[in-house]
Amino acid sequence: MEITKVYQNRRDGEEQAMSVAFVKEPNEDQVEGLPERDLGTDPNFVTVRGLALLDEAIEVGQTRLEEAQFAGNKIAVAMIRRDLRYWRARRSTAEVVIPREDSDFVQFGHSVSIRRPNGQIDVFRIVGIDEADPGEGRISYLSPMARQLVGREEGETIRAGAGNAEIIAILC
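About the thresholds
- Starting afresh in each chain, residues are numbered from 1 along the sequence in its written order.
- It should be noted that, the model being predicted, local features are given only for residues of pLDDT at least 70 and side-chain atom pairs only at 80 or more, the latter also being counted only at that level, while totals for whole chains, interfaces and linings use all residues.
- Derived side-chain values reflect all non-hydrogen atoms in the structure, with water molecules and hydrogen atoms excluded from consideration.
- In these notes, a set of buried Ala, Val, Leu, Ile, Met, Phe, Trp, Tyr and Cys residues joined through side-chain atoms within 4.5 Å is what counts as a nonpolar core.
- Throughout, exposure labels follow a simple rule: accessible area from a 1.4 Å probe, protein chains only, divided by the maximum for the residue type, with under 20% read as buried, over 50% as exposed, and the rest as partly exposed.
- Put simply, DSSP H or I for four residues or longer makes a helix, DSSP E for two residues or longer makes a strand, and each gets a number counted from the N terminus.
- By definition, residues are in contact when any of their heavy atoms lie within 4.5 Å.
- By definition, a salt bridge exists where a carboxyl oxygen of Asp or Glu is found within 4 Å of a side-chain nitrogen of Lys or Arg.
- To get an axis, fit a line to the C-alpha atoms, keeping to the stretch in contact for a helix; angles then go from 0 to 180 degrees between the N-to-C directions.
- The scheme is simple: roughly parallel for angles under 35 degrees, roughly antiparallel for over 145, roughly perpendicular for 65 to 115, oblique for anything else.
- Crossing chirality is assigned from the near helix's rotation relative to the far helix, an anticlockwise turn below a right angle marking it left-handed and a clockwise turn marking it right-handed.
- Residues were grouped as follows: Ala, Val, Leu, Ile, Met, Phe, Trp, Tyr, Cys and Pro as nonpolar; Asp, Glu, Lys and Arg as charged; and all remaining residues, including Gly, as polar.
- Note on pairing: DSSP must find at least two bridges between two strands before they are called paired.
- What qualifies as a polar contact is a pair of N or O atoms within 3.5 Å, subject to a donor-acceptor requirement within protein and to the restriction that residues adjacent in sequence count only when both atoms come from side chains.
- In this scheme, a helix's expected span is set at 1.5 Å multiplied by one less than its residue total.

**So, the nonpolar core**
Piece 1. Residues I114, I126, I139, M145, L149, I158 and I167 are the most contacted members of the largest nonpolar core, which totals 16 residues.
Piece 2. At the level of elements, β5 (111-115), β6 (121-127), α3 (144-149), β8 (157-160) and β9 (163-171) are the ones that each hand at least two residues to this core.
Piece 3. Residues in contact with I114, not counting those within four places in the same chain, are Q120, I121, D122, F124, M145, L149, I158, A160, A165, E166, I167 and I168.

As structure tokens, this is what we get:
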């Protein structure tokens, strides 16, 4: 099925049909291909909570897709399908990591309390990429802070921003 659009000829003012293949402007039946979301090359480590969040993102995305299809919103459908491909790929490569409770060393999944020189105490939980939310204290295992913490023990000093901080607690 060829899609055509009617245009007015500039020279004589007559209308003529033209295939949209020769037209630069998009129409409602055309949706540009969206670039895929970057999956990265690092291992997809997740906590149990992170795995549940991936499942939830897929479920919510599926519901949104059905709603967008029902509404006939082709742009939203394309965006949601792209996001669903991302979440499904992340889910299929997820590796659940359970931290050892008896470990004295900071690991993936642990919560770590640090004390800065001014006495401020910050708590960070080391999580997977998709679960990270620094404002909530959840940092990706790939972040500079997490890299400073992993493998350290209580009482050790780490570099934290412009200064140093002491690890004062490690919780599973």
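Back to the text.
**With respect to the pattern of salt bridges**
Piece 1. In total, this model carries ten salt bridges according to the counting rule given.
Piece 2. With a shortest N-O distance of 2.7 Å, R85 and E36 are connected by a salt bridge. With R85 in helix α2 (residues 74-93) and E36 in the loop between β2 (15-19) and β3 (45-46), the pair connects residues that are 49 residues apart, well separated along the chain.
Piece 3. By relative accessible area, which is 41% here, R85 ends up partly exposed.
Piece 4. A salt bridge links R49 to E131, with the shortest nitrogen-to-oxygen separation between them at 3.0 Å. One end of the pair, R49, is in helix α1 (residues 48-71); the other, E131, is in the loop between β6 and β7 (138-140), with 82 residues separating them in the sequence.

**With respect to the packing of α1 against α2**
Piece 1. Across the interface, α1 lies against α2 with an axial gap of 9 Å and an inter-helix angle of 160 degrees. As far as their axial angle goes, α2 and α1 are roughly antiparallel. Crossing angle aside, the handedness with which α1 passes α2 is left-handed. Residues L51, L54, D55, A57, I58, G61, Q62, R64, L65, A68 and Q69 of α1 form the contact with α2, whose own contacting residues are A76, V77, I80, R81, L84, W87, R88, R90 and R91.
Piece 2. Residues of the contact of α1 with α2, tallied by class, amount to eleven nonpolar, three polar and six charged.

**Focus: the sheet that holds β6**
Piece 1. A sheet is described by the order of its strands in space; here five strands give the open sequence β7-β6-β5-β9-β8, paired in mixed fashion. Whereas interior strands pair on both sides, the edge strands pair on one side only; in this sheet they are β7 and β8. Going from strand to strand, the sheet's axes swing by 45 degrees on average, the running direction of each strand aside.
Piece 2. Pairing between β5 and β9: five bridges, direction antiparallel. Each bridged residue has a counterpart across the sheet, and for S111 the counterpart in β9 is L171.

**Some words on the pairing of β6**
Piece 1. When β5 meets β6, the two strands line up antiparallel, connected through five bridges. Among the inter-strand pairings, V112 is bridged to a residue of β6, identified as F124.
Piece 2. From the end of β5 to the start of β6, which pair antiparallel, there are five residues, and G119 there has a positive phi angle of about 95 degrees.
Piece 3. Of the pairings in the sheet, the one linking β6 to β7 comprises three bridges and is parallel in character. Following the sheet pairing, V127 is matched in β7 by S140.

**Some thoughts on the side chain of D122**
Piece 1. Following the sequence through the fold, D122 ends up in strand β6.
Piece 2. At a separation of 2.8 Å, a polar atom in the side chain of D122 contacts the side chain of Q120.
Piece 3. When neighbours within four sequence positions are excluded, D122 is seen to be in contact with V112, S113, I114 and R116.

**A few points about α1**
Piece 1. When the terminal C-alpha atoms of α1 are compared, their 35 Å separation across 24 residues agrees well with the 34 Å that a helix rising 1.5 Å per residue should span.
Piece 2. In this fold, the buried residues of α1 make contact with β3, α2 and β4 (95-96).
Piece 3. Just past α1, the residue G72 takes up positive phi, approximately 75 degrees.

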